[in-house]
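Summary of the model geometry
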2 protein chains.
Amino acid sequence: MANKYNDTQNKITKESIFTALMILMEKKNFKNISITEVTQKAGVSRMAFYRNYNILEDIISVYLDEIFEEYSNLISNYTEADSYEFTYSFFSHFRKHQKLITNLINSDLNTLILEKSVKFLHSLCNSIACKNHCSIESKKYNNAFIAGGFYNVLMEWSKSGMKESDEAMAKMVYERLIMN
Amino acid sequence: MANKYNDTQNKITKESIFTALMILMEKKNFKNISITEVTQKAGVSRMAFYRNYNILEDIISVYLDEIFEEYSNLISNYTEADSYEFTYSFFSHFRKHQKLITNLINSDLNTLILEKSVKFLHSLCNSIACKNHCSIESKKYNNAFIAGGFYNVLMEWSKSGMKESDEAMAKMVYERLIMN
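The structure displayed is predicted, hence computed values, not measured ones. (Residues numbered from 1 in each chain as written. Chains lettered and ligands numbered in written order. Predicted model: local features only at pLDDT ≥ 70, side-chain atom pairs only at ≥ 80, totals over all residues. Heavy atoms only, no water.)

**Details of the packing of aromatic side chains**
All names here are of chain B. Filter applied, for reference: Aromatic rings from Phe, Tyr and Trp, with only the six-membered ring used for Trp, were paired whenever their centres fell within 6.5 Å, and each pair was classed as stacked if the ring planes differed by under 30 degrees, edge-to-face if by over 60, and tilted otherwise. The way it works is that DSSP assigns letters per residue, a run of H or I at least four long becomes a helix, a run of E at least two long becomes a strand, and they are numbered from the N terminus. Using a 1.4 Å probe on the protein chains alone, a residue whose accessible area is under 20% of its type maximum counts as buried, one over 50% counts as exposed, and one in between counts as partly exposed.
Counting across every chain of the model gives 37 aromatic pairs over all chains. Ring centres 6.3 Å apart and planes at 75 degrees place the aromatic pair F86 and F150 in the edge-to-face group. Residue F86 is found in helix α5 (residues 84-95), and its partner F150 is found in helix α8 (residues 136-159); the two are separated by 64 residues along the sequence. For F86, a relative accessible area of 4% puts it in the buried group. With a relative accessible area of 6%, F150 lands in the buried category.

**Brief notes about the packing of helix α4 (residues 56-75) of chain A against helix α5 (residues 84-95) of chain A**
All names here are of chain A. Note the following rule: Axis lines are fitted through C-alpha atoms, for helices just across the contact stretch, and the angle between N-to-C directions can take any value from 0 to 180 degrees. The handedness criterion is simple: a crossing whose near helix is rotated anticlockwise from the far helix by less than a right angle is left-handed, and one whose near helix is rotated clockwise is right-handed. Note on contacts: a residue pair is in contact if any heavy atoms of the two residues lie within 4.5 Å. Gly is placed with the polar residues, together with every amino acid not listed as nonpolar (Ala, Val, Leu, Ile, Met, Phe, Trp, Tyr, Cys and Pro) or charged (Asp, Glu, Lys and Arg).
Relative orientation of the contacting elements α4 and α5 amounts to 145 degrees, with a least axis distance of 10 Å. Of the two elements, α4 crosses α5, and the hand of that crossing is right-handed. Facing α4, whose interface residues are I67, F68, E70, Y71, L74 and I75, α5 presents F86, S89, F90, H93 and F94. Each residue belonging to the contact of α4 with α5 can be placed in one class, and the counts come to eight nonpolar, two polar and one charged.

**A word on unusual backbone geometry**
Residue and element names in this part refer to chain A. Of note, the phi angle at D108 is positive, near 55 degrees, even though the residue is not glycine. Inspection of the secondary structure puts D108 in the loop between α6 (98-106) and α7 (111-124). The phi torsion at M162 lies on the positive side, around 50 degrees, for a residue other than glycine. Relative to the assigned elements, M162 resides in the loop between α8 (136-159) and α9 (166-177).

**A short note on the interface of chain B and chain A**
Which entries qualify depends on this criterion: Two parts placed together each lose some accessible area under a 1.4 Å probe, and the buried area is that loss summed for both. The salt bridge criterion pairs a side-chain nitrogen of Lys or Arg with a carboxyl oxygen of Asp or Glu, the two atoms within 4 Å. Any N or O atom pair separated by 3.5 Å or less is treated as a polar contact, with the protein-specific requirement of one donor-capable and one acceptor-capable atom, and with residues adjacent in sequence counted only for side-chain atom pairs.
Facing the 32 residues of chain B at the interface are 32 residues of chain A. Roughly 2800 Å² of surface becomes buried between chain B and chain A when both sides are summed, with 67% attributable to carbon and sulfur atoms. Applying the counting criterion to the chain B and chain A interface returns zero salt bridges. At the boundary of chain B and chain A, one finds six residue pairs in polar contact (both at pLDDT 80 or more). Broken down by secondary-structure element, the contributors of at least two residues to the side of chain B that touches chain A are α7 (111-124), α8 and α9 (166-177) of chain B. Taken together, the residues of the side of chain B that touches chain A break down into 18 nonpolar, eight polar and six charged.

**Some words on the relation of the copies chain B and chain A**
Defined as follows: We place the copies in one frame by least squares, fitting the C-alpha atoms of every residue whose pLDDT is at least 70 in both.
In the superposition of chain B on chain A (RMSD 0.0 Å, axial shift 0.0 Å), the rotation amounts to 180 degrees. A rotation of that kind, with that shift, is consistent with a two-fold axis. Most of the interface of chain B is mirrored in chain A, where 100% of its interface residues are also at the interface.

No statement about biological role is implied by the geometric values presented.
Dropping the structure here:
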């Protein structure tokens, strides 16, 4: 019971810290933000920060991991990993995190998304694009191409305010993706 | 005649500055390098630096522009812009600049290559991939996908020491590229 309370409390603490960082990043570059500023804005102690993170960048890294885990759960419902739904879910899921992506772009931290995308595709490797007997190198570079493609489309889409619908984005990228 | 001499002299100055920066970047992060260090290492005056650049990052930006211009000249020989040669030339051309790419990765400046790739593909836009009557958005995001794909494959290839041959890389990426 106590553990459950602690877990819930810690989840709230992490959410407060993340929200505080996002508010600060809307006003200034990430590199000019201190841990003290974030904890003060979040209304939590520095000890609460260090219970969850070592450095400020961890807040973003952990949050991105959660986003990719949610995305992974979303697409696990589809048997065909390279299906249209896979692509559609990518855009509908990341639209929910538009503010974070914009903040990352403004602080030149957007490549963190690319790094996470590459890792994510590695874990999905066997189910996507390269189904036949192909070499490890071929899989590696095929994944690199797809991760880079998705990442850069997400960047361009975010920079133009995500004005195209999730469906329109999915359709355009899906047409490029369905080979192999 | 005087102009030609000046042009040649200035080209040598720029090459010295670039070479000096590369030597320094092999030892330390770009953000810890000063203009004074670069000009001293290059054996040129600060005035010579400011005749060509405003800030240190300009050295890399200008050099990347030249790399893409050379690449553009290379592929202008091929009538089919999305041909195998287009892809092969990409890898054989960038292999020549392996040290620069490694230095950029080590200083977290590699996204400069992605930015230049996106711009480059925009200028090539009408001849690649999207030949039919498709919307401006479709072209934009198709280019974004291809630029992101090539960029990320180049990064992964560089990180593993470019050990795969240009031909092997071209073959893997070309297979992904030839749709549409």
